[in-house]
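These are the residues of each chain, in order.
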Amino acid sequence: MTPTAPAPTAPAPAGPRGRAPGPLLLGVRHHGPGSARGVAAALDAARPAAVLIEGPAEADALAALAADPETVPPVALLAHAVDDPGRAAFWPFAAFSPEWTALRWALDRGVPVRFVDLPAAHTLAADPTWGDGEEEADGTPRIDPLAELAAAAGHEDPEQWWEDVVELRGDTGPPDPLAPFAALAEAMTALRERYDHGGHLRDLVREAHMRLRLRAARKEFGDDVAVVCGAWHVPALARRTTATADRALLKGLPKVKTELTWVPWTHRRLARRSGYGAGIESPGWYGHLFAAPDRPVERWMTKVAGLLREADHPVSSAHVIEAVRLAEGLAALRGRPRPGLAETTDAVRAVLCEGSDVPLALVRDRLVVGDALGEVPAAAPAVPLQCDLDRLRRSLRLKPEADERELDLDLRGGTDAARSRLLHRLRLLGVDWGTPAPGRTGTGTFRESWRLRWQPELHVRVAEAGVWGTTVEAAATARAEALALAADSLAEITALAERCLLAGLADALPAVLGALADRAALDTDVAHLADALPALARSLRYGDVRGTDTAALADVATGLAARVCVGLPPACAGLDQDAAAAMRDRLDALHPAIGLLQDAAPDPPADDPAALASRWAGVLRRLAGAERVPGAIRGRAARILLDEGRLPDDEAARLMGLALSPGTPPASAAAWTDGFVGGTGGGLLLVHDERLLALLDRWLAGVPAEAFTDVLPLLRRTFGAYEPGVRRTLGELAARGPGAPGRPAAAPVPGFAAAPDAERADGVLPLLDLVLGAPGAKEAA
């Protein structure tokens, strides 16, 4: 059933102190600095006995926290359903929000303050799409009030019109601070008379609740109350309706149990492009207008100049003066009362940035939008998990920041190791405060790099994760156990085991390893086993640095590796091109994993310490010589053996000769070539071994013309991945041709001798002993 609004009536005029009896209705635009200054002036003039603010009604209990010295805007009211924390809503407040100004005005003067909007219990219970279909059936078009008013004033851009009329109005406003609100109320009344609810059916229910709260406030405080709300709602609050009619609109609304608190917010989340429709694109600019009502352009240009100087962009005082003059001239040409964001941006681009959009992008990101992050007091209510997280981050000196920053950790230190565990546990809970980043130095296991950025939505994620436990460790453990039971594939469980070790969740490992063993015993797909093994091998290396007992994990991993060695050769036979490429990639991942497992094996057989590595080498030999195995796999197996020193050069040349023989189809030969010389180091292999290069060159020259087009894309991919210097050297060698005169045949590349010089090589041994700390090295030196 579509809610029906009562017939509109004009609101009572908002005059000076002797105005007509009735509530003072201050219609504003959310997050507007001009509206905020106007509200402050109006409240100072009217001195109401109580202030009512558009916001969830349950927030009355939290209002006093806004006056806490630890509360720094931007902040937001967060409401979430107790039984479904993922169902949440935010009500953001910036320092330049009119609602925040009214709230602080009332608290600073001891004036009672109430929130009058529809309770969050109803808002969160309602279907998010409620009203969309009814609006279409009702036939009323959904309008934008600001766009309608701007069009009536002859302006095409509603944002610029509102900025000129309200936001850029400084201290030179009308003598009566209530007059602008009366004019705006009159304009909104005309819109509501023409468009009724304007396609916003939900507003009818909200406005009915606001009227009920207004009636209650008038009974408690009399008519001397002020209401700060969106200007669109002012005509609805001024209507004379009955309480019975308003209650009828609210009857039957769904309801859920909710909890509310204050959370930090950011300027980026106030911007439209961040996904929150706050109605502003430039919160940093609006914050500047609110903080600097006098000479805002001069102060803005000075701020921009300081930012550019920090970025090593030369900006002088003369630049600032000229930029201010240009902005004011543009405003005069465009008929604006003051330079707005468009004029200041044009001036900054032309003068301070010398016409370049590169430094201008920095200005837009850091100043126009801004990276301000608010703060809330410790007394603000929070779920137990959030309290534990706050305690941990304070003890570990991790401060939430809106701007992304790098954090490098040395896991050998107690504090850094604890930071790593906390960040990994939060990721396991879906709270991505930090994301792993490539380390700046080395590939050792004792260093980690993170990119940290705190976003307001993470408070909702923490509330959601609270169902798993009251502490971060307990919640992450319970979450890991649940994921292990629900995992659909072996690879998921092995990845989970790795995450548990990174997070230091020893209590979760038994459940995860139990699920891993059960899944591995039932899974007969070698591809699944091969995909799971690398994660297990990586997990084993964390034991030394993090002090985690990985013996049970090593037993599972070595058993899995044995099954892979048995099942891999038959699984590689008869694969098509795509499946062969996927299996080749598995070989690349399996080989280092086998090496890690061999090093981490807790009790290798006494008679053969390298049993696992030897077994794996045997598997590679079988693959390299099997005719039914695709060329990409055979070539990669041969390459791995050659790199490990388990395949003599003559044997490698023989395998290449067989793979590139005239009887081999060109597509199969090209796939073998890609497997053998593709990837890291393949180009250098050809540079340093002219026999292999000559075999490849002869095969390539003999590829029939009709088949060359088919093998060209694969060859281009193979050789295109080489470094430019390697490609250039290969080109020179190919142009010279094998056996060219004027160069010893045994010298494959310029700068390399025909045979190793043992005497010159021995000259580095004393220095090497000194570096490694060999006994007597210093005396010998």
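Residues numbered from 1 in each chain as written. Predicted model: local features only at pLDDT ≥ 70, side-chain atom pairs only at ≥ 80, totals over all residues. Heavy atoms only, no water.

## What about the overall build of the chain?
Heads up, the condition is: Put simply, DSSP H or I for four residues or longer makes a helix, DSSP E for two residues or longer makes a strand, and each gets a number counted from the N terminus. A contact between two residues is defined here by any heavy atoms of the two lying within 4.5 Å. Using a 1.4 Å probe, the Shrake-Rupley method yields the accessible areas, and only the shown protein chains count as cover for residues.
A tally of helices and strands in the chain yields 37 helices and 10 strands. Sequence separation of at least 24 residues holds for 76% of the intrachain contacts in the chain that already meet a minimum separation of 6. For the chain, the exposed area adds up to about 36600 Å²; of that, 54% sits on carbon and sulfur atoms.

## Observations regarding a nonpolar patch on the surface
As a reminder of what qualifies: Without a salt bridge and with relative accessible area above 30%, a residue can belong to a patch; like charges are then joined within 9 Å and nonpolar side chains (Val, Leu, Ile, Met, Phe, Trp, Tyr) within 5 Å. In the sections that follow, a salt bridge refers to a side-chain nitrogen of Lys or Arg positioned within 4 Å of a carboxyl oxygen of Asp or Glu. Exposure is judged per residue with a 1.4 Å probe applied to protein chains only, and the accessible area is read against the type maximum: over 50% gives exposed, under 20% gives buried, and values in between give partly exposed.
A contiguous nonpolar surface patch, about 680 Å² in accessible area, is contributed by Val764, Leu765, Leu767, Leu768, Leu770, Val771 and Leu772. With respect to the element layout, Leu768 can be found in helix H36 (residues 765-772). When its relative accessible area of 42% is taken as the criterion, Leu768 is described as partly exposed.

## Comments concerning the side chain of Glu163
This is how it is decided: Any pair of N or O atoms that falls within 3.5 Å is considered a polar contact. Within protein, one atom must be able to donate a hydrogen and the other to accept it, and sequence-neighbouring residues count only if both atoms are side-chain atoms.
Positionally, Glu163 belongs in helix H6 (residues 158-167). Looking at Glu163, the relative accessible area reads 8%, which means it is buried. Side-chain polar atoms of Glu163 contact the side chain of Trp285, separated by 3.4 Å. Apart from residues lying up to four places away in sequence, Glu163 is in contact with Leu168, Trp285, Tyr286, Arg336, Gly340 and Leu341.

## Here's the deal with the packing of helix H12 (residues 283-291) against helix H16 (residues 357-369)
Heads up, the condition is: Whenever a helix is involved, its axis is fitted only over the stretch in contact; in every case the axis is a line through C-alpha atoms, and angles between N-to-C directions fall within 0 to 180 degrees. What sets the label is the angle itself: under 35 degrees gives roughly parallel, over 145 gives roughly antiparallel, 65 to 115 gives roughly perpendicular, and the rest give oblique. Gly falls in the polar group here, along with every residue not listed as nonpolar (Ala, Val, Leu, Ile, Met, Phe, Trp, Tyr, Cys, Pro) or charged (Asp, Glu, Lys, Arg).
At a minimum axis distance of 5 Å, the contact between H12 and H16 shows a crossing angle of 50°. Judged by the angle between their axes, H12 and H16 are oblique. Across from Pro283, Gly284 and Trp285 in H12, the residues of H16 making contact are Leu367, Val368 and Val369. Looking at the contact of H12 with H16, its residues break down into 5 nonpolar, 1 polar and no charged.

## As for the confidence of the model for the chain
Heads up, the rule is: Residue-level confidence of the predictor is what pLDDT reports, using numbers from 0 through 100.
Overall, the prediction assigns the chain a mean pLDDT of 82, with 86% of residues at 70 or greater. The model gives residues 5-18 a pLDDT under 50, and that stretch makes 31 contacts with residues more than four places away or in other chains. Segment residues 740-752: pLDDT under 50, and 16 contacts once partners within four positions in sequence are set aside and those in other chains are kept.

## As for helix H5 (residues 145-152)
Counting along an α-helix, one turn takes 3.6 residues, and residues three or four places apart therefore face a common direction. To keep things clear, this is the line we draw: Arc definition: it is the arc formed by the directions from the helix axis to the C-beta atoms.
Of the residues making up H5, those classed as buried are Pro145, Leu146, Leu149 and Ala150. The arc enclosing the buried residues of H5, seen along the axis, measures out at 130°, which places them on a common side. Exposed residues on H5 whose side chains face more than 90 degrees from its buried face are Ala151 and Ala152. Those residues of H5 that are buried are in contact with H6 and helix H7 (179-195). The distance from a side-chain oxygen at the start of H5 to the backbone nitrogen of Leu146 is 3.2 Å, and the residue carrying that oxygen is Asp144. Downstream of H5 by one or two residues, Gly154 has phi in the positive range, about 85°.

## Topic: the sheet that holds strand S7 (residues 258-264)
Heads up, the rule is: A strand pair is defined by DSSP finding two or more bridges across the two strands.
In spatial order, the strands read S4-S3-S7; together these 3 strands make up an open sheet with antiparallel pairing. Edge positions in the open sheet fall to strand S4 (88-93) and S7, since each of these has one partner strand only. The average undirected angle you get between the axes of adjacent strands in this sheet is 20°. Inspection of the sheet shows strand S3 (residues 75-81) paired to S7 by 7 bridges, in the antiparallel sense. Its bridge partner being in S7, Ala76 is matched across the sheet by Val263.

## Quick look at the sheet that holds strand S9 (residues 434-437)
Strand-to-strand pairing in sheets goes through backbone hydrogen bonds, with the strands running parallel or antiparallel. Strand order across the open sheet formed by 3 strands is S8-S10-S9, with antiparallel pairing between neighbours. The open sheet has two edge strands, strand S8 (405-410) and S9, and neither has a second partner. The sheet shows a mean angle of 35° between the axes of neighbouring strands, taken without regard to direction. As paired elements, S8 and strand S10 (residues 447-452) share 6 bridges and run antiparallel to each other. Bridge assignment links Leu409 to a residue of S10, and that residue is Glu448.

## Considerations on the pairing of strand S2 (residues 50-56)
The element S2 is largely enclosed, with a buried count of 7 among its 7 residues. Pairing geometry for S2 and strand S6 (residues 225-230), over 4 bridges, is parallel. Residue pairing across strands places Leu52 opposite Val227, the latter belonging to S6. Examined bridge by bridge, S2 and strand S5 (residues 113-117) share 4 bridges and lie parallel to one another. Across the sheet, residue Val51 finds its bridge partner in S5, namely Val113.

## Some points on unusual backbone geometry
Here the residue pair Pro73 and Pro74 is connected by a cis peptide bond, since its omega of 10° sits within 30 degrees of zero. Of note in the backbone geometry, His31 takes a positive phi value of approximately 60° without being a glycine. By relative accessible area, which is 3% here, His31 ends up buried. With phi around 65°, Asp312 is a residue other than glycine that occupies positive phi space. Tracing the sequence through the fold places Asp312 in the loop between helix H13 (296-310) and helix H14 (317-333).

## Regarding the packing of aromatic side chains
Condition: Stacked, tilted and edge-to-face are the three classes applied to pairs of Phe, Tyr and Trp rings, where Trp contributes its six-membered ring and a pair requires centres within 6.5 Å; stacked means planes under 30 degrees apart, edge-to-face means over 60, and tilted covers the rest.
Inspection of the entire model under this criterion finds 9 aromatic pairs. Aromatic pair Trp161 and Trp162: ring centres 6.2 Å apart, planes at 55°, arrangement tilted. The class of Trp161 is buried, set by a relative accessible area of 12%. For Trp162, a relative accessible area of 2% translates into the label buried. Centre to centre, the rings of Trp285 and Trp300 are 5.0 Å apart; their planes meet at 85°, and the pair counts as edge-to-face. With Trp285 in helix H12 and Trp300 in helix H13, this residue pair connects regions lying 15 residues apart in the sequence. As far as burial versus exposure is concerned, Trp285 and Trp300 are alike and both buried.

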